[in-house]
Structures are given as structure tokens and as C-alpha cells.
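Structural features, examined
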Amino acid sequence: MERILGYLVQEIKKADIPLPEGDVAPPAPLLKHILEIQEQLQKLETELREVTKNKEKLRKNLLELTEYTCMLEVTQRFVRRTAEYESHLHANYEEFPSVENEPLVDYNCMHRLGAKLGFISGLVHIAKVEAFEKMLWRACKGYTILTYAELDESLEDPDTGETTKWFVFLVSYWGDQIGQKVKKICDCYHCHVYPYPNTTEERRAVVEGLNVRIQDLHTVLHKTEDYLRQVLCKASESVYTWVIQVKKMKAIYHVLNLCSFDVTNKCLIAEVWCPVADLQNLRHALEEGSRKSGATVSSFMNTIPTTQPPPTLIRTNKFTSGFQNIVDAYGVGNYGEVNPALYTIITFPFLFAVMFGDLGHGLLMFIFALLTILYENHPRLQRSQDEIMKMLFEGRYVILLMGLFSVYTGLIYNDCFSKSLNIFGSGWNVSAMFEQKAWRLEDLKSNQFLTLDPNVPGVYNGAYPFGIDPIWNLASNRLSFLNSFKMKMSVIFGVTHMTFGVVLGVFNHLHFKKKYNIYLVFLPELLFMMCIFGYLVFMIFFKWLAYSAEDSTSAPSILIEFINMFLFPGGEAEVFYTGQVALQRFLLTIAFLSVPVMLFGKPLYLYWLHSGGRGIRMYRSGYKLIRKESEEELSLLRSHDVEEGSSHSDSGHREGDGEELNFADVFMNQAIHTIEYCLGCVSNTASYLRLWALSLAHAQLSEVLWQMVMRVGLRVDTTYGVLLLVPVLAFFAVLTVSILLVMEGLSAFLHAIRLHWVEFQNKFYSGGGYKFTPFSFKHISLHFNKDDPA
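None of the values given here were measured: they were computed from a predicted structure.

For the rest of this paragraph, the subject is the overall build of the chain. Of the regular secondary structure elements, the chain holds 25 helices and 8 strands. In the chain, buried positions account for 38% of the 790 residues.

Before going further, it helps to examine unusual backbone geometry. Unlike most non-glycine residues, Asp16 shows phi in positive territory, near 60°. If you trace the backbone, Asp16 turns up in the loop between helix H1 (2-14) and helix H2 (31-75). Phi is positive for Phe417, close to 55°, though the residue is something other than glycine. As for its placement among the helices and strands, Phe417 is situated in the loop between helix H14 (396-413) and helix H15 (431-435). Overall, the relative accessible area of 26% leaves Phe417 in the partly exposed class.

A large share of strand S1 (residues 117-125) lies buried, amounting to 9 of its 9 residues. Alternating positions in S1 separate into two faces, Leu117, Phe119, Ser121, Leu123 and His125 on one and Gly118, Ile120, Gly122 and Val124 on the other, with burial throughout. In terms of strand pairing, S1 meets strand S5 (residues 166-174) through 9 bridges, oriented antiparallel. Bridge pairing in S5 places Gly118 opposite Tyr173. Both S1 and strand S6 (residues 192-194) contribute to a ladder of 3 bridges, which runs antiparallel. What sits directly across from Gly122, in S6, is Val193.

Here we come to the side chain of Gln580. Mapping Gln580 onto the fold places it in helix H20 (residues 580-609). The exposure class assigned to Gln580 is buried, which follows from its relative accessible area of 2%. Of note is the side chain of Gln580, whose polar atom sits 2.9 Å from the side chain of Glu561.

As a packed pair, H20 and helix H23 (residues 663-687) sit with axes 9 Å apart at the nearest point and diverge in direction by 160°. The angle between the axes of H20 and H23 places the two elements in the roughly antiparallel class. Our pair here, H20 against H23, has a crossing hand that is right-handed. Residues Val595, Met598, Leu599, Phe600, Lys602, Pro603, Leu604, Leu606 and Tyr607 of H20 form the contact with H23, whose participating residues are Phe663, Val666, Phe667, Gln670, Ala671, Thr674, Tyr677 and Cys678.

Here 4 strands make up an open sheet; going across it, the order is S2-S5-S1-S6 and the pairing antiparallel. Taken across any chain shown, the strands that pair with only one partner, and hence form the sheet edges, are strand S2 (144-150) and S6. For this sheet, the mean angle separating the axes of adjacent strands, direction not counted, is 25°. Together, S1, S2, S5 and S6 form the strand contacts of helix H6 (residues 176-188), whose direction differs from that of S5 by roughly 160°.

A surface patch of nonpolar side chains, about 570 Å² in accessible area, is lined by Leu363, Ile367, Leu370, Leu371, Leu374 and Tyr375. Note that Leu363 resides in helix H11 (residues 359-374).

To continue, consider a negative patch on the surface. A contiguous patch of negative charge, built from Glu73, Glu150, Asp152 and Glu153, is present on the exposed surface. Position of Asp152 relative to the elements: it lies in the loop between S2 and strand S3 (155-156). A relative accessible area of 76% places Asp152 in the exposed class.

The biggest cluster of nonpolar side chains holds 68 residues, and the ones touching the most others in it are Phe348, Phe352, Met402, Phe528, Met539, Tyr677 and Leu691. The dominant element in this core, judged by the number of residues it contributes, is helix H18 (residues 515-546), at 12 residues. Those residues in contact with Tyr677, other than ones at most four positions away along the chain, are Val502, Glu525, Leu526, Phe528, Met529, Met598 and Lys763. Counting 23 residues, the second-largest nonpolar core is a separate cluster that includes Ile34, Leu41, Leu228 and Leu232.

Right, let's talk about the confidence of the model for the chain for a bit. In the predicted model, the chain carries a mean pLDDT of 82, and the fraction of residues at 70 or more is 85%. Note that pLDDT drops below 50 for residues 615-658; the model gives that stretch 53 contacts with residues more than four away or on any other chain.

Let us now look at the packing of H2 against helix H7 (residues 200-256). At their nearest, the axes of H2 and H7 sit 7 Å apart, and the two run at 155° to each other. The angle between the axes of H2 and H7 places the two elements in the roughly antiparallel class. Note that H2 runs across H7; the crossing there is left-handed. Class assignment of the residues belonging to the contact of H2 with H7 gives a composition of 27 nonpolar, 10 polar and 6 charged.

With that out of the way, let us pick up the pattern of salt bridges. Evaluated as defined, the whole model comprises 12 salt bridges. Close ionic contact of Glu288 with Arg291 constitutes a salt bridge, the shortest N to O distance being 2.3 Å. Highlighted residues: Glu288 and Arg291, both in helix H8 (residues 279-293), separated by 3 residues, approximately one helical turn. Overall, the relative accessible area of 26% leaves Glu288 in the partly exposed class. Look at Arg291 and you get exposed, because its relative accessible area is 56%. When the shortest N-O distance is used, the salt bridge between Asp328 and Lys771 registers 3.7 Å. One end of the pair, Asp328, is in helix H9 (residues 321-330); the other, Lys771, is in the segment after helix H25 (725-760), with 443 residues separating them in the sequence. What you see here is one network of salt bridges that share partners, running through Arg3, Glu45 and Arg49.

The next subject is H23. The terminal C-alpha atoms of H23, which comprises 25 residues, lie 34 Å apart, in line with the 36 Å expected from a rise of 1.5 Å per residue. Approximately 35° is the largest bend angle found in H23, and it occurs at Gly680. Every buried residue belonging to H23 is among Val666, Gln670, Ala671, Thr674, Tyr677, Cys678, Gly680, Cys681, Asn684, Thr685 and Ser687, and all of these are buried.

With that settled, the discussion passes to the packing of aromatic side chains. For the structure shown, the criterion picks out 37 aromatic pairs. On the basis of an interplanar angle of 5° and a centroid distance of 6.1 Å, the ring pair of Phe500 and Phe760 is categorised as stacked. One end of the pair, Phe500, is in helix H17 (residues 478-511); the other, Phe760, is in helix H25, with 260 residues separating them in the sequence. Judged by relative accessible area, which is 0%, Phe760 ranks as buried. Each ring, one from Phe663 and one from Phe667, has its centre 6.3 Å from the other, and the planes form 20°; the classification is stacked. With Phe663 and Phe667 both in helix H23 and 4 residues apart, this pair spans about one turn of that helix. Taking relative accessible area as the criterion, Phe667 reaches 27% and is therefore assigned partly exposed. Ring-pair connections join several aromatic residues into one group, and the members of that group are Tyr330, Tyr343, Phe500, Trp757, Phe760, Phe764 and Tyr765. The cationic tip of Arg49 hangs over the ring face of Tyr7; the distance from NZ or CZ to the ring centre is 4.0 Å.

In this structure the tally under the stated criterion is 0 disulfides. Among the cysteines around Cys140, which has no disulfide bond, Cys186 carries the closest sulfur, lying 9.3 Å off.

In this fold, Phe533 is placed in helix H18. Note on Phe533: relative accessible area 7%, which makes it buried. It is 9.7 Å that separates the C-alpha atoms of Phe533 and Thr499, two residues lying 34 residues apart in sequence. The residues touching Phe533, leaving out its near neighbours within four places in the chain, are Val495, Cys681, Val682 and Thr685.

About the criteria used
- Residues numbered from 1 in each chain as written.
- Predicted model: local features only at pLDDT ≥ 70, side-chain atom pairs only at ≥ 80, totals over all residues.
- Heavy atoms only, no water.
- Helix = DSSP H or I, 4+ residues; strand = E, 2+ residues; numbered from the N terminus.
- Buried < 20%, exposed > 50% of the residue type's maximum accessible area, 1.4 Å probe, protein only.
- Pairing = 2+ DSSP bridges.
- Polar contact = N/O pair within 3.5 Å; in protein donor to acceptor, adjacent residues only side chain to side chain.
- Axes fitted to C-alpha atoms, helices over the stretch in contact; angles between N-to-C directions.
- Parallel < 35°, antiparallel > 145°, perpendicular 65-115°, else oblique.
- Left-handed = near helix turned anticlockwise from the far one by under 90°.
- Contact = heavy atoms within 4.5 Å.
- Patch = residues over 30% accessible without salt bridge, like charges linked within 9 Å, V, L, I, M, F, W, Y side chains within 5 Å.
- Areas by Shrake-Rupley, 256 points an atom, 1.4 Å probe, with all protein chains shown as cover.
- Salt bridge = Lys/Arg side-chain N within 4 Å of Asp/Glu carboxyl O.
- Lys, Arg positive; Asp, Glu negative; His and termini not counted.
- Charge placed at Lys NZ, Arg CZ, Asp CG, Glu CD.
- Core = buried A, V, L, I, M, F, W, Y, C linked by side-chain atoms within 4.5 Å.
- pLDDT = per-residue confidence, 0-100.
- Nonpolar A, V, L, I, M, F, W, Y, C, P; charged D, E, K, R; others polar.
- Expected span 1.5 Å × (residues − 1).
- Bend = angle between axes of the 7 residues up to and from the residue.
- Phe/Tyr/Trp six-rings, centres within 6.5 Å; stacked < 30°, edge-to-face > 60°.
- Lys NZ or Arg CZ within 6 Å of the ring centre and 35° of its normal.
- Disulfide = S-S within 2.5 Å.

What follows is the structure, encoded as C-alpha cells:
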């Protein structure tokens, strides 16, 4: 049936008949209706193939008659048998007439000489004319005369169906043997050979007969095409329903093929995964299916225990699906593992916005995503086959939040298309420098740059209410200020993000009944992170709070202090607070001691658990089993314990009683994890500096492109006048903004993905599971594919 429907759709598209599509998919047909559909399709196919075959035969006959007519019209110019020519021949009769003086040797002259002259005429493809002429000359040794001319109109090639140019030829030959060679050569070059009339009367009769037959064929062919179109129009009304029903039947039978027979070979058994929340719906669906099919024995369902890890089902909607796809691209989580997508909804667009912070660019991105959301039910968006457009449409809510957060960070950076906005008024007052006699008019003339002193009364009146003060856009040290601010901000966000990932690992340990991982893995990891990089964040905030503009010049460098924390320099050094050196040594001691705990704690505990602690474990397990009341509950408990005995951090090693512990493998896995985590804390923290780097690059590139636009506008103004200034500026402004949105947006998007996959999810998420893909008709396409005729 699928083959027949593919043929029907192909023929309907060939006839340029629109294929109607419904908004609601038809239900899957019952078994008794399948045979009716099959019978209808077979009858329709037989009728269509018969009509199509007759139509093609008529078209072929019409093409042959048309070629024959064109051939006769052209060859009429070749042969000159007029009465004037005959009288000219009798008046100038010679016993041996010269062939060179005649354009074509007359049949009557050769007959008088006793030679048998023959003619072969037809059509040859334009690409084969030269080769055809050479072959005739070489094979027939010059005993033929070839005359040819190009047709004025193009005719269809019956082999390819394409319209092409043809040449009409007329071959004159002497003798039967030469004639046989000519015929074979014509067959070799696929020439269309037609009978050549010998007399003018015969030619006239043939042409008249051809015209009559061509007119009759046109009439019959027109009626055949009308009938064929009526049949296809009638079929197009039901083809959508048939296609969807056949797709659903095919999907059903595909699932049935995965089932197995029972011992009596009378019923099918299917072992499937089903969410606990949907068990009641499954029972209801089985009962409804049995009732509709009229089965004598109703279908039923039983839950069975299993030791296999179940698939992962995460229910999403159109808002959360885009973020879940970002996480699933890294790997599908194990069953029961913490899902990072919930937190990615906030952290991903926020980290993107930190790198893409611009009020104007973020607003454009937000408007674009908002338009796709408002028109998300438009058929052209839902049926788009363009890969880029489909990707943007599916991630429309991700783009919406990225644009919204970019507007927020753009306000924080006070950056709108690389320009600052003075909304609340600057907190710096330049005139106060003159009022307090800190500046003089001579200073303005002799110095290119002057420094505002916040310690002078009235110069600094307080912080800007929201974001960075717009006066920094005019400062010569603006880049140094932004570098310091964004670099420290990146470190704070990075350490916070990674620490949050480490904390989320606790929920995995609790869920998989691995409480020892909390003491032997989580706490050492958290102490190592906090004692080194958490302390770095503490120093950043301490310097911000402890030092003001009055004593900022005496503040120690955070970078130098952090390096000295590991070098233990001798002598007196600048410190932030009293007791700093002792505290730093204490934190380093804790950080270094947490490394051997991470390295040896878990392997030694598992070794003790499988050797010295076996008796205690068996006693505890036995106590739990005695509380159960049936063998089924015992088996379910065993399967539950086995499922809970696997963790993402154990690399698939179960710690059950019946499995021998491979201490070497456990120790090697834990050693790799410890080294990766300790080194990763350093490299991952440095990796978050990309927030600072890309934010700075985005702002600088935007400013450079804006200056280029202004230079182009100035040149246009001086060259062509003001009339061209506005459209040229608008064109270059749109072009530069588009480039920035695409190039910088894609760059920030990829870096945000990297920060989530490597720096964040690596701390607690393994992604070693497999996705739950239930049987559903929602995955079936409800639209005709434009590229595929079927």
C-alpha cells in the first residue's frame, strides 16, 4: 500500500494537482478496514496505470507522426522533381550526365543508366550528426550521398523525455549491399527512420493522411488527459487520509514485530518500559483496544521485576525542550540522576548574556525570538525544511531568554550599540575640580588628559544607581577599569557555578544510596574548591569592601597575594588583614589533606566493605529481607537494590554481595577522578575568564564597526551630499548589526555550551543513560515532503 500511495502522490504532483492536508490526523484503521483500503488502492492503481500507459502510447504515436511530417517537409526541399526541372533535363540530355553538376542525382537518370538507386530518410540527434556522417563515408566508401538540415522546432527525445534539436537527413545509395550498411548505421546511432515516398503524388497523399491522423490523436489524447486528471483529482481528496493511515499501520506492525509469541503461539507478549504515572492509562488503552477490535480475550498487563537499568524519561514542554536538548547533546542522564536542564534554564542564558552584554543587540534578539513565538503556529514555520530555520524555531525560547538577559547585562555594562546611556545622571562632577582649586585653566591647555580625584569634595557624589557610570565611556583608562571589573566578575561566577555543580552531586549520592560518597568524595571536593578558589573570591569581595578611594593606592594586589599563598615568601609582605598568612596556611593544609582522602578513601572503604565488613552487611541485608511478606516482594527488593547499587561515579561497578570487587579498577578510576578534579579546578576556573574576554571583544568590535559606519557616512556626505547620507548609513548600520548578531551571538552561544558541558556538568552529571522513546504517532510526519514524491 505504501508503494501504491507513493505512485499516486507522484502522479498527482506530475499533474500539478494540489495535495490537501488536514490539521487533524486520521485515526489508525481497524483490521477490517485495512482490506477495504487495500482493495481501493489496488483498483485505483490498475486504472491509473492502464490510462497512463494508453496516454504514453498515444503521445509516442503522436511524436512519431509529428517527426514523419517534419521530415517530409524538410526533404521536400532536397528533391527537386518539378516539371521545369524535368523539361530542363530532356532539353540538355547527355548519355552520361555529370553528377557533380546536380545537387542530387535524379532517380530517373540512374534508372536509364541501369543502376538501382535507393533512399533512406529520418531524424538524427544534433549531437550525433558529425559522427553519423563520418561513419557513412568510411563504411560505404563514398557510394552514398548524405543531405541533412536542422529542424526549425525542437522535438521531444523519447528516451530521455527532454526537448532537444534534431536533424533531418536523406541518404541516397546505390545497390542493396550499401543499403543494408546504411540501415545498420542508422540503427547504431538510434536514428528515427521513416519511409520515403518515391513520387510527388505519393508524398502528397502521405502528408494528408498524417495530418488527419495527427488531428485525431490530438483529440483522443486530450480526452485521455481529461479523464486521467479527473481520476487523480478524485484520488487527491483521499490520499492524505490514506497516507497517514498507512504510516500509522506501518508503525504499529513495526512494533508488533518486536513482540514474541507465547508457548501456544496464539498471543503476543511485549516487554516494555512504562512510567509509573502512566500505568493506569496503559491499562485503559489495552481495554479500549480489545473492545474496538472485538477480541474474545482482552489484553492485560503485568509488572515484572528486572535488573536492567530503566531508560530516562524527562517530561518537557515547548519552553523547556530547547534547554533539555542542550543537556541531551552532552549525554542522556542515568535513571534517577540529577537533571541539569532545570538550572540551565537560568544559567545558560545568563552566561551567554555576560559575554554578549549589549542593550541594543539583546533587544533585537529578544524581538526576533518574540516574533517566532507569537507566530509559532504558522504553517510555514512548522513545516519549514530549512535546517537553520528549524534550529532557530525549535530554540526560540532559548533565544528569547538569551536576548532578555543580554538586555539586563547591557544595562549593567551601560552599553547600547557600543554607546553609553546617561539615564540617571553621572555621579562624577567635573566642575567641582575647579571650585576646589584642584584644576586651573592652564591645566586644560597644557595637559591632554586630566584625572578626576574622588577625594576632592563634590567630585564624586555616589555610585550610579544601576550599572556602570556613563562617564567611563569618556575616560582614557576605561579599558583598564572594565578589564579589572569583568575579570573579577568572571572568577566569581565561575567558582560559584562550579561549586553549585559539586553540591548537586550530593543529591545523586543520596538517591543511589551512596552515603559514603558524601564523606569520601563530596566533602573533600568541596573543601578543596573552597579553601583555594573560594578564598580567592573572598579576597575579591574583601578588597572591594575594605578599601575606598582614599586608601586604594595602598591596597595589595589580589593576584600577588594569591601567588604568595602557595610560595610562602619570607620576610614582611603586604597583607589584607591581620592573621592572613596563618589562615592561608591553614586553608592550604586542608586543601592538600583532602587530596589523599579523595584518592584513597573510597577504594579502601569498598575494599573493607567487601572483605572485613561482609558479615555486618549480610546481617543488615538479612534484617531488611525478613520484613517482607512474599517472594515477589523479595525479588522486587533485590532488583531495586541492584538498581540502586550503580552510580555514575563508579563507572558501572556494582557493589553487590555476589560480585567480586576489583580493587585495582576501583583505585584506578578514583585516581583518574581525583587528578582530573584537582587539575580541573585550576583549568576550569581559568576557563571562565572567557566571560571577560568575549565580553571585551564584543564591545570593542561593536565600537570599531560603529566607527567604520560613521567614517563611511562622512565620506558619502562630503562626496555625494546629504541625500545619500541617510540610506547609506542605514544600510551599513543594518549590515554591521546583522554581522555582530550572527557572528558574536554564535560565538557566545558555543562558549556558553562549553562552560556548561565541561565546567558545570562534569562535576556531577555522567550522561551515561539512554532516552525513553515510547511508541507514539506524534513522531509521524503529517505533511507531504516536497523533495520526496512519496
